[in-house]
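# Architecture at a glance
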Amino acid sequence: MDFLKLVLQLLIPGLCLGCVYGLNGIGSALLYKGSHTINNAQGAIVGLGALIGYSIQQGLKIGLIASTAIVVVITFFIGVFLQVFIISRVERRSSMYVVIATLALSLIISSISMLTFGSWTFESATIIIHGSKYLHINFVNVDILWSNIIAIIISFIAMISIHLFLNRTSFGMAMRSAAMDSFAAESCGVSVVKTRAVTWGIMAALGALGGCLMGPLFGISAGIGIAMGNKGNTGAVLGGYGNMYGAIIGGLIIGMVETIFGYIYSPYQSAFTYALFLVFLLLLPKGIMNEKAIEEG
Amino acid sequence: MKKIFKNKKIRNIIIMVVTIALLMVTPVIFTSFRSGNYYLNVINYVFVYAIAATGLNIMTGYSGQINLGGAAYFSVGAYGTVILCNLGIPTIFAVLLAMLIVAFFGFLTAVPAAKLKYHFLALATMAVGEIVNNILIVSPGGITNDTHGMFVKALDLFGLKLSKDSQLYYFLLISMVLCLLFTFAFIKSHTGRACIAARDSVDAAGAFGVDVKKYKIIATVVSCIMIGFAGFLFAYLNRYISPDTFAAGKSTMFMSMTMLGGSGTLFGPLLGTILITIIMEVLRGLPGAGLYLQLSYGLVLLAVMMFMPFGVSGLISNIKTKRIIKKKRMEEMEKNNVGS
């Protein structure tokens with residue numbers, strides 16, 4: 001029974017972390033498919049989204065879910081703004097410049113959010129159901145945070161709705177066609193400028209959604225996003241870079257492995273995750289979904 | 001007299017002699033007034049960072065590979081020399097050994113990295129930087145003294161102790177000039193030209209028989225050694241090293257120095273280092289200077305990427321070429337006018 005308790009206590013937070021990494025991974029996969037670049041600023045956007053969510057909770061006195069919904073809309077427009085006014089200008093030169101430009105954006109966004117909100121950790125609102133923060137499972141006598149469970153559910157809803165958006169709507173179809181061959185799509189009347197902007201918007205919104213959902217678990221600070229963005233990338237590499245479904249699976253695996261490793265031996269936790277990233281990048285460049293994105297030639 | 005100045009060769013020689021003389025007397029001038037020592041210290045840091053930026057430039061500018069983990073090699077060079085010196089090995093051998101370690105370390109990252117695309121190389125080098133920093137904080141056996149950091153003894157070169165800024169100045173100046181000369185020789189050599197060709201077009205270079213992977217690895221290892229050497233100099237200039245001094249911020253600092261000055265140019269990194277150092281010194285007094293510094297790195301990098309992809313030196317040479325074109329056009333117009 002103790003073993004089952006331990007498994008549950010590791011499984012639920014691990015799954016929750018994995019979902020958030022998966023959400024970040026989806027964004028980078030969509031971006032890579034769409035314009036063959038990566039986004040180093042994702043982590044900073046996650047942190048910014050979480051902080052905006054906190055200030056909305058404080059300012060309007062509303063709960064976690066309502067504030068998260070507002071944040072998702074705001075960050076969507078932030079993403080679109082970044083793409084239209086900054087990235088698209090750099091992209092014209094070479095996708096190589098985008099790597100450094102997004103790194104610069106990451107530095108700017110994270111330092112601005114730290115300057116405005118301060119660098120300390122805030123306590124996020126949590127979800128309370130039946131007057132308790134915890135779901136008590138009598139069977140194994142274990143307490144699980146409601147916010148973890150809700151986070152997992154919301155993440156899965158987001159993933160499914162992204163899937164439906166890409167496959168069932170005409171704009172999603174346009175996005176996929178632009179990702180496949182932007183030149184051909186443009187000649188068929190798809191506005192590649194628009195699809196790229198929306199890609200950035202979706203990426204930023206998903207990242208911020210993850211950041212808000214992680215709030216009750218870690219507390220909210222400008223720094224939480226950096227690790228999350230990097231681990232989203234790790235998950236995306238593991239799943240096969242550029243594949244959305246691979247990114248979800250990879251993110252879930254990374255979340256679980258990290259939680260279990262953190263339980264076993266914590267000092268090297270971050271080095272372990274990055275080492276895992278390098279191993280996947282170098283030894284398994286095609287990932288689970290067999291995508292040929294990483295290697296040259 | 002006017003004729004002498006018009007002769008380009010003689011003018012260049014005069015400029016060179018004056019520069020060398022100025023560089024030689026700088027410590028004497030600066031130590032003569034009260035706050036001069038501080039400025040001398042800043043200049044010394046400029047030399048050290050310029051070496052690191054020049055090293056990074058070999059990889060980023062001349063070989064077209066991004067490196068966002070420069071601090072990792074920097075810290076391996078610094079910690080390597082200091083730990084080896086503490087074991088009782090003479091400084092020269094300690095430096096050589098540490099450079100070998102850095103080279104091996106660079107080789108380890110270069111071999112698999114040579115086949116990665118640009119974006120993923122960025123992520124991979126960032127990961128290397130994070131891993132090294134984590135190992136410095138929680139080192140096996142505590143050899144790096146973890147978060148407490150290590151105090152460094154004065155630099156001991158063949159019994160010659162260099163502890164004051166004015167003494168270190170000449171050593172650092174000579175090191176930097178040697179590094180610049182080495183870079184110049186490297187880019188003019190067969191290897192360097194092969195690296196540049198591979199940067200400009202992998203396919204075209206391959207068609208001319210350039211082993212692209214091999215030259216990428218060579219460029220990475222050379223650049224890592226130079227960054228590691230800068231790390232060694234930094235340790236003896238700062239006299240204290242801790243994981244904090246080698247955090248990811250240093251990597252972005254080197255990157256912005258190289259990019260701002262102009263990657264792929266010989267004096268670009270030096271110019272960028274001077275400009276970034278000026279920003280750093282101006283911001284030093286502000287509360288929360290670290291954040292403003294981060295913000296300025298971000299703004300600098302973004303501005304470079306958006307408006308001047310070849311940095312300040314690219315901007316300067318751009319103005320020069322424009323002036324030449326204008327001159328030629330004017331001459332042509334005059335000719336046409338005379339003709340008609």
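Cut-off values and rules
Residues numbered from 1 in each chain as written. Chains lettered and ligands numbered in written order. Predicted model: local features only at pLDDT ≥ 70, side-chain atom pairs only at ≥ 80, totals over all residues. Heavy atoms only, no water. Helix = DSSP H or I, 4+ residues; strand = E, 2+ residues; numbered from the N terminus. Rg over C-alpha atoms; globule rule 2.2 N^0.38 Å. Buried < 20%, exposed > 50% of the residue type's maximum accessible area, 1.4 Å probe, protein only. Contact = heavy atoms within 4.5 Å. Lys, Arg positive; Asp, Glu negative; His and termini not counted. Charge placed at Lys NZ, Arg CZ, Asp CG, Glu CD. Pairing = 2+ DSSP bridges. Expected span 1.5 Å × (residues − 1). Core = buried A, V, L, I, M, F, W, Y, C linked by side-chain atoms within 4.5 Å. Salt bridge = Lys/Arg side-chain N within 4 Å of Asp/Glu carboxyl O. Disulfide = S-S within 2.5 Å. Buried area = accessible area lost by both parts, 1.4 Å probe. Nonpolar A, V, L, I, M, F, W, Y, C, P; charged D, E, K, R; others polar. Patch = residues over 30% accessible without salt bridge, like charges linked within 9 Å, V, L, I, M, F, W, Y side chains within 5 Å. Areas by Shrake-Rupley, 256 points an atom, 1.4 Å probe, with all protein chains shown as cover. Phe/Tyr/Trp six-rings, centres within 6.5 Å; stacked < 30°, edge-to-face > 60°. 1 Å grid on protein atoms, 1.4 Å probe; cavity = no way out; pocket = protein on both sides within 12 Å on 5 of 7 lines; lining within 4 Å. Points joined across faces, edges and corners; volume = space filled by probe spheres on them.

### Looking at the overall build of chain B
Along the backbone of chain B there are 14 helices and 4 strands. Over its C-alpha trace chain B gives a radius of gyration of 22 Å, about what one expects of a compact globule, namely 20 Å for 340 residues. Dimensions along the principal axes, computed over C-alpha positions, put chain B at roughly 85 × 55 × 40 Å. Evaluated residue by residue, chain B yields a buried proportion of 51% over its 340 residues. Contacts in chain B between residues far apart in sequence, at least 24 positions, make up 75% of those at least 6 positions apart. Between the averaged position of the 29 positive side-chain charges in chain B and that of its 12 negative side-chain charges there is a distance of 10 Å.

### Observations concerning the pairing of strand 1 (residues 134-137) of chain A
Residues in a regular strand project their side chains so that they alternate between the two faces of the sheet. Residues and elements named next belong to chain A. With 4 bridges connecting them, strand 1 and strand 2 (residues 142-145) associate as antiparallel partners. Across the sheet, residue His 136 finds its bridge partner in strand 2, namely Asp 143. Where strand 1 hands over to strand 2, the hairpin turn is made up of 4 residues, of which Asn 141 adopts a positive phi near 55°.

### Quick word on helix 4 (residues 70-86) of chain B
All names here are of chain B. When the terminal C-alpha atoms of helix 4 are compared, their 25 Å separation across 17 residues agrees well with the 24 Å that a helix rising 1.5 Å per residue should span. Counting buried positions along helix 4 yields 15 of 17 residues, so the element is predominantly enclosed. Taken from the residues just after helix 4, Gly 88 is the one with a positive phi, measuring 100°.

### As for the nonpolar core
In this structure, Tyr 49, Ile 66, Phe 74 and Ile 241 of chain B are the most contacted members of the largest nonpolar core, which totals 177 residues. Residue contributions to this core peak at 14 residues, all from helix 10 (residues 212-238) of chain B. Non-local contacts of Tyr 49 of chain B, meaning those with residues more than four positions away in its chain, are made with Phe 74, Phe 234, Lys 250, Met 253, Phe 254, Met 257, Thr 273 and Met 280 of chain B. Listed in part, the 7 residues of the second largest apolar core include Ala 50, Leu 51, Ile 220 and Ala 222 of chain A.

### A closer look at the pattern of salt bridges
Residue and element names in this part refer to chain A. In this structure the tally under the stated criterion is 4 salt bridges over all chains. Close ionic contact of Arg 196 with Glu 91 constitutes a salt bridge, the shortest N to O distance being 3.8 Å. Of this pair, Arg 196 sits in helix 8 (residues 192-218) while Glu 91 is found in helix 3 (residues 64-91), placing the two residues 105 residues apart along the sequence. Judged by relative accessible area, which is 15%, Glu 91 ranks as buried. Linking Glu 258 and Lys 231 is a salt bridge whose minimum nitrogen-to-oxygen distance equals 2.6 Å. Highlighted residues: Glu 258 in helix 10 (residues 244-264) and Lys 231 in helix 9 (residues 224-239), separated in sequence by 27 residues.

### Re the state of the cysteines
All names here are of chain B. This model, assessed by the stated rule, comprises 0 disulfides over all chains. Cys 195 carries a free sulfur, and the closest cysteine sulfur to it, the one in Cys 224, is 13 Å from it. For Cys 195, a relative accessible area of 2% corresponds to the buried category.

### Focus: the interface of chain B and chain A
Contacts between the two partners involve 42 residues from chain B, matched on the other side by 43 residues from chain A. For the pair chain B and chain A, the summed buried area comes to about 3900 Å², and 75% of that belongs to carbon and sulfur atoms. Of all residues in chain B, His 119, Phe 120 and Met 305 of chain B give up the largest surface area on contact with chain A, accounting jointly for 16% of the area buried on that side. The interface formed by chain B and chain A contains 0 salt bridges. For the side of chain B that touches chain A, the secondary-structure elements that each account for two or more residues are helix 6 (118-137), helix 11 (248-261) and helix 13 (289-307) of chain B. At 13 residues, the largest contribution of residues to the side of chain B that touches chain A is made by helix 6 of chain B. In the side of chain B that touches chain A, the residues fall into 32 nonpolar, 6 polar and 4 charged.

### Looking at a positive patch on the surface
Residue and element names in this part refer to chain B. Taken together, the side chains of Lys 8, Arg 11, Lys 320, Arg 323 and Lys 327 define a basic patch exposed on the protein surface. Sorting the residues of the positive patch by element identifies helix 2 (8-32) and helix 14 (311-339) as the ones contributing at least two each. Sort the elements by how many residues they give to the positive patch and helix 14 lands first, with 3 residues. As for its placement among the helices and strands, Arg 323 is situated in helix 14. Looking at Arg 323, the relative accessible area reads 60%, which means it is exposed.

### Structural notes on the packing of aromatic side chains
On inspection of all chains with the given rule, the structure shows 22 aromatic pairs over all chains. Ring centres of Tyr 241 of chain A and Phe 120 of chain B lie 4.7 Å apart, and the angle between their planes is 80°; on these two criteria the pair is classed as edge-to-face. Remark: Phe 120 of chain B occurs in helix 6 and Tyr 241 of chain A occurs in the loop between helix 9 and helix 10; the pair is interchain, linking two chains. You can call Tyr 241 of chain A buried: its relative accessible area is 0%.

### Examining helix 13 of chain B
Relative to the 27 Å expected for 19 residues at 1.5 Å per residue, helix 13 of chain B spans 26 Å between its end C-alpha atoms, a close match to the ideal helical length. When we look at burial in helix 13 of chain B, the residues that qualify are Leu 291, Leu 293, Leu 295, Ser 296, Tyr 297, Gly 298, Val 300, Leu 301, Leu 302, Val 304, Met 305 and Met 306 of chain B.

### A closer look at the layout of surface pockets
Roughly 1100 Å³ of internal volume is contained in the largest pocket. Lining the largest pocket are 48 residues, with Ile 226, Ala 227, Asn 230 and Tyr 274 of chain A together with Glu 130 of chain B sitting closest to its centre. For the lining of the largest pocket, the element with the highest residue contribution is helix 9 of chain A, accounting for 8 residues.

### So, the environment of Ser 132 of chain A
Residues and elements named next belong to chain A. Here Ser 132 shows up in the loop between helix 4 (95-117) and strand 1. A C-alpha to C-alpha distance of 48 Å links Ser 132 and Ser 88, two positions 44 residues apart in sequence. In this structure, Ser 132 is in contact with Ile 127 and Trp 146, ignoring residues within four places of it in sequence.

### A short note on empty space enclosed by the protein
Space left empty within the atom packing is revealed by a probe, the size of a water molecule, rolled over the atoms. Taken as a whole and judged by the stated rule, the model has 2 cavities of 30 Å³ or more. Of the pockets and cavities examined, the largest cavity occupies roughly 70 Å³. Forming the boundary of the largest cavity are Asn 230, Asn 233, Thr 234, Tyr 274 and Phe 277 of chain A together with Leu 123, Met 126, Ala 127 and Glu 130 of chain B. Looking at the lining of the largest cavity, the elements that each hand over two or more residues are helix 9 and helix 11 (269-283) of chain A together with helix 6 of chain B.

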